[in-house]
Amino acid sequence: MMPSSIIKELKSEEEILSAFPVMRELRTHLDKETYLKLVLEAQSRDMYQIFALYVADEIAAVVGFKPMITLYYGRFVWVCDLVTKETERSSGLGAQLLAYVENWAKEHDYENVALSSGIQREKAHHFYEDKMEYEKVSYVFKKNINI
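Since the structure is predicted, the reported quantities are computational estimates derived from the model, not experimental observations.

**Q** Whenever I open this one, the packing of aromatic side chains confuses me. Can you help?
**A** Aromatic ring pairs: the centre-centre distance and the angle between the two ring planes describe each pair. Overall, the coordinates contain ten aromatic pairs when judged by the stated rule. Aromatic side chains Tyr 73 and Phe 76 sit 4.8 Å apart centroid to centroid with 50° between the ring planes, which places their arrangement in the tilted category. A connected cluster of aromatic rings, assembled from ring pairs, spans Phe 51, Phe 65, Tyr 100, Trp 104 and Tyr 110. It is Arg 75 that lies over the ring of Tyr 110; its NZ or CZ is 4.1 Å from the centre.

**Q** Explain the pattern of salt bridges here, please?
**A** Pairing between side chains of opposite charge can happen when the charged atoms of each approach one another. Taken as a whole and judged by the stated rule, the model has seven salt bridges. Residue Arg 27 pairs with Asp 81 through a salt bridge whose shortest N-O separation is 2.8 Å. Of this pair, Arg 27 sits in the loop between α2 (20-23) and α3 (32-46) while Asp 81 is found in strand β4 (residues 74-84), placing the two residues 54 residues apart along the sequence. By relative accessible area, which is 25% here, Arg 27 ends up partly exposed. Residues Lys 66 and Asp 46 are paired through a salt bridge, measuring 3.3 Å at the closest nitrogen-oxygen approach. Pair noted here: Lys 66 is in strand β3 (residues 58-70) and Asp 46 is in helix α3, with a separation of 20 residues, a long-range link. Here Lys 66 falls in the buried class, since its relative accessible area comes to 18%.

**Q** Teacher, can you tell me more about helix α4 (residues 93-107) here?
**A** Residues spaced three or four apart along an α-helix face the same direction, because each turn holds 3.6 residues. With 15 residues, α4 should reach 21 Å at 1.5 Å per residue; the first-to-last C-alpha distance of 21 Å fits that figure. Along α4, the positions that sit buried rather than exposed are Leu 93, Gly 94, Ala 95, Leu 97, Leu 98, Val 101, Trp 104 and Ala 105. Here the buried face of α4 lies against β1 (5-9), β2 (49-55), β3, β4, β5 (112-115) and α5 (122-131). Asp 109 sits one or two residues past α4 and shows a positive phi near 65°.

**Q** Would you explain the pairing of β2 in this entry?
**A** Each regular strand shows side chains that alternate between the opposite faces of the sheet. Burial of β2 is extensive: seven of the seven residues sit out of reach of the surface. Side-chain alternation along β2 places Gln 49, Phe 51, Leu 53 and Val 55 on one buried face and Ile 50, Ala 52 and Tyr 54 on a second face that is also buried. Across seven bridges, the pairing between β2 and β3 is antiparallel. Within β3, the residue paired with Ile 50 across the bridge is Gly 64. Hairpin geometry of β2 and β3 is characterised by an intervening segment of two residues between the two adjacent antiparallel strands and by a positive phi of about 50° at Ala 56.

Basis of the calculations
Residues numbered from 1 in each chain as written. Predicted model: local features only at pLDDT ≥ 70, side-chain atom pairs only at ≥ 80, totals over all residues. Heavy atoms only, no water. Phe/Tyr/Trp six-rings, centres within 6.5 Å; stacked < 30°, edge-to-face > 60°. Lys NZ or Arg CZ within 6 Å of the ring centre and 35° of its normal. Salt bridge = Lys/Arg side-chain N within 4 Å of Asp/Glu carboxyl O. Helix = DSSP H or I, 4+ residues; strand = E, 2+ residues; numbered from the N terminus. Buried < 20%, exposed > 50% of the residue type's maximum accessible area, 1.4 Å probe, protein only. Expected span 1.5 Å × (residues − 1). Contact = heavy atoms within 4.5 Å. Pairing = 2+ DSSP bridges.

Here it is in structure tokens:
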């Protein structure tokens, strides 16, 4: 039986930094200082929120999301980051965090939850489509203009 888990919003710099080792498994390009700077800026400018799922007092998974409004999706929550610690994957923690985001969205009158996933992350795609019942509705395109 898995130990009980709790989900907690990370607000202080210390709390945000405590999630860095898990977040780094997804965002390998970030160092600790850049990560903290980006999270703090996103919180102040974009209503970004970051939550950690703790198992036995240790962070096992992290999700970052922000509420948005666009003409395409209407009022929705964009999941920016979702990662489960490698040693805890396939144990239901990602599903638990994503369900938490979906409930948060419903409670705050948002109509949809959306996210993007790297083309190479086939296991994640199966998770989103098969287990979490998300549908693939578009491709995301990116262009680096800071060359």
